[in-house]
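# Coordinate inspection notes
The primary structure of each chain is shown beneath.
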Amino acid sequence: MPRLGTNSSKMTESQSPSHFPPPEEEEPTQNQNTPFHVPVEIISDEEMALIEAAFAATRALVSSPPRASSSAHFRENVRSIKSITLLSKRSISSCSQSDPFVIDVEDSGRLTSSQKRNRVVDSLLHRFRRKRGLSVTDITATEWCEKKMEYSLLGGKPEKTKAMKAGSIRHEALEEEVIKRVKVHVTSAEDVWALKFLNFIVGANQLLFDGLTRELPLVGFAEGVWMVGIIDEIRMPKGESDTYPMLVDTKTRVRASLPGEPQRRNGRLQLMCYKHLWDSLVADEFPSRQFFDFFSLNPYQILSAEIRENTAKCGFPAETLTDMLRYLRNTWNMLPPAHEQLLLRYELQEDQSLLGEDQFEYDLNWVKGQIKSSLEVWRGEREASYTPEEERWKCRSCKFASECPASNCGSQEGRTLNANS
């Protein structure tokens, strides 16, 4: 049975919320006949200082010469953010010291509703993953280096390296061994999600009948956030007594050697996140109403004619996304939880020869702890940390090494950027 794919030339940013940032909302127009009401809000001197600092940072960026490099813009952006952050902390701290009856809300943990709302709006999760959801690779990127993840969002995602491109080509080749892709046109976000649901259903049936499927899309609600991902491979064990599917991920290597522990740990986290999502789905822990609300989807919008035609050909005739979700739930109910044993495979890029395998046991408490730690950064509950000193070798291949103080010898976490950077 073919797996369907979208025709990217027919898609816009608003049509694929899991892969593209949401479109900017248009500013509402004011009726000329309606008197314009300006709300008045009294603010403190400290808040006024923050606003002035923000305006100063904005003016500096706007007035920058057009020939300024993106790297210079990035450094100015980082310094402006740091200045405003330090000013806010200094103002709150000075208030607490000057008046013993004023409580430092940051230290006390008691934030007002407006402060909590501002923190949510300014968070990386809201700014960069609103209506899209976190991907599993967002979690693994945060575990690899929180600062690099943050810089990637603020300064632009690094271009794919030759090794990364080779890895993508290898995954496509593995997928083509068991899946035939058919491109279809999509006209709405509902069409995109209908295809994702259909591809999961088709892949799950392939797993049950053939014992193997690859590139299976997942979406689930875990630790209070929506997460998406694509599982490299799922295989049914050959033993008749074991009916739990095993999740597998294949990593390609430039050198003919197995990776170090930090890279293995990162790969294990990725597979554990997939199992966490898989197990929540088969347990029917999928809040449908929250799903439609978060991704701004209309559950009753009629799908395009081409999507309806293809779902019917696959044996799942559907008019709306709600119909597809009903088929999806029926599929989940047929599936068992994933195997407690997970498998990482390492191949040499040059000839696809197997370098080794890492089979390990699922640790629910560990993976939940890792996700929660990552979410603290994404939600703005704490600042992103630099990679530990014993793993600073990662900095040698980092695009942001020249801007990051952690990459300099003897630098300590929390050190500010050099004024000449």
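Residues numbered from 1 in each chain as written. Predicted model: local features only at pLDDT ≥ 70, side-chain atom pairs only at ≥ 80, totals over all residues. Heavy atoms only, no water.

Once that is clear, we can look at the overall build of the protein chain. Each helix and strand counted, the protein chain has 14 helices and 8 strands in total. For the protein chain, long-range pairs separated by at least 24 residues make up 70% of all intrachain contacts whose partners lie at least 6 apart in sequence. For the protein chain, the exposed area adds up to about 23900 Å²; of that, 51% sits on carbon and sulfur atoms. (Helix = DSSP H or I, 4+ residues; strand = E, 2+ residues; numbered from the N terminus. Contact = heavy atoms within 4.5 Å. Areas by Shrake-Rupley, 256 points an atom, 1.4 Å probe, with all protein chains shown as cover.)

Take the nonpolar core next. Ranked by internal contacts, the top residues of the largest apolar core, which has 70 residues, are Trp-278 and Phe-291. It is helix α9 (residues 189-210) that contributes the most residues to this core, 12 residues altogether. Excluding anything up to four places from it in sequence, Trp-278 contacts Phe-200, Leu-207, Leu-216, Leu-218, Ile-231, Ile-234, Pro-245, Leu-335, Pro-336, Pro-337 and Ala-338. (Core = buried A, V, L, I, M, F, W, Y, C linked by side-chain atoms within 4.5 Å. Buried < 20%, exposed > 50% of the residue type's maximum accessible area, 1.4 Å probe, protein only.)

Our next topic: empty space enclosed by the protein. In this structure the tally under the stated criterion is 2 cavities of 30 Å³ or more. Reported here for the largest cavity is a volume of approximately 130 Å³. Considering the residues around the largest cavity, the lining is formed by 15 residues, among which Cys-145, Lys-148, Thr-387, Cys-395 and Cys-398 are closest to the centre. A total of 3 residues in the lining of the largest cavity trace back to one element, the largest contributor, which is helix α7 (residues 146-155). (1 Å grid on protein atoms, 1.4 Å probe; cavity = no way out; pocket = protein on both sides within 12 Å on 5 of 7 lines; lining within 4 Å. Points joined across faces, edges and corners; volume = space filled by probe spheres on them.)

Right, let's get into the environment of Gly-369. Tracing the chain through its elements places Gly-369 in helix α14 (residues 364-378). For Gly-369, a relative accessible area of 36% gives the class partly exposed. Distance in space between the C-alpha atoms of Gly-369 and Glu-223 is 9.7 Å, their sequence separation being 146 residues.

With the rule as written, the count across this model stands at 17 aromatic pairs. Between Phe-200 and Trp-278, the aromatic rings sit 6.2 Å apart at their centres with planes inclined by 45 degrees, giving tilted as the arrangement. With Phe-200 in helix α9 and Trp-278 in helix α10 (residues 261-282), this pair connects stretches of sequence that are 78 residues apart. Seen from the ring of Tyr-386, Lys-147 lies directly overhead, with NZ or CZ sitting 5.3 Å from the centre. Over the ring of Tyr-362 we find Lys-275, and its NZ or CZ is 4.9 Å from the ring centre. (Phe/Tyr/Trp six-rings, centres within 6.5 Å; stacked < 30°, edge-to-face > 60°. Lys NZ or Arg CZ within 6 Å of the ring centre and 35° of its normal.)

A word on the packing of α10 against α14. Viewed as axis vectors pointing N to C, α10 and α14 meet at an angle of 100 degrees, and their least axial separation amounts to 10 Å. The pairing of α10 with α14 is recorded here as roughly perpendicular in orientation. Side by side, α10 and α14 meet where Arg-265, Leu-269, Met-272, Cys-273 and His-276 of the first sit next to Leu-364, Trp-366, Val-367, Lys-368, Gln-370 and Ile-371 of the second. Split into classes, the residues belonging to the contact of α10 with α14 amount to 7 nonpolar, 2 polar and 2 charged. (Axes fitted to C-alpha atoms, helices over the stretch in contact; angles between N-to-C directions. Parallel < 35°, antiparallel > 145°, perpendicular 65-115°, else oblique. Nonpolar A, V, L, I, M, F, W, Y, C, P; charged D, E, K, R; others polar.)

Per-residue confidence for the protein chain averages 77 on the pLDDT scale, and 63% of its residues sit at or above 70. Across residues 8-43 the pLDDT falls below 50, and counting only partners more than four positions away or on other chains, this stretch makes 39 contacts in the model. This stretch, residues 409-421, has a pLDDT under 50; its non-local contacts, to residues over four places away or in other chains, come to 20 contacts. (pLDDT = per-residue confidence, 0-100.)

The subject of this paragraph is a nonpolar patch on the surface. There is a patch of nonpolar side chains on the surface, built from Leu-208, Phe-209 and Met-334 and spanning about 350 Å² of accessible area. On the secondary structure map, Leu-208 appears in helix α9. (Patch = residues over 30% accessible without salt bridge, like charges linked within 9 Å, V, L, I, M, F, W, Y side chains within 5 Å. Salt bridge = Lys/Arg side-chain N within 4 Å of Asp/Glu carboxyl O.)

Let's shift gears to the pattern of salt bridges. Under the criterion given, the structure shown has 19 salt bridges. For Arg-214, the salt bridge identified is with Glu-233, shortest N-O distance 3.1 Å. Of this pair, Arg-214 sits in strand β4 (residues 212-222) while Glu-233 sits in strand β5 (residues 225-235); the two residues are 19 residues apart in sequence, bridging distant segments of the chain. The same class applies to Arg-214 and to Glu-233, which are both buried.

Now for the pairing of strand β7 (residues 341-348). Burial within β7 is extensive, with 7 of its 8 residues counted as buried. As defined by bridge partners, β7 adjoins strand β8 (residues 354-361) across 7 bridges and the pair is classed as antiparallel. Paired with Gln-341 across the bridge in β8 is Glu-361. Count of turn residues in the β7/β8 antiparallel hairpin: 5 residues, of which Gln-352 carries a positive phi of about 60 degrees. (Pairing = 2+ DSSP bridges.)

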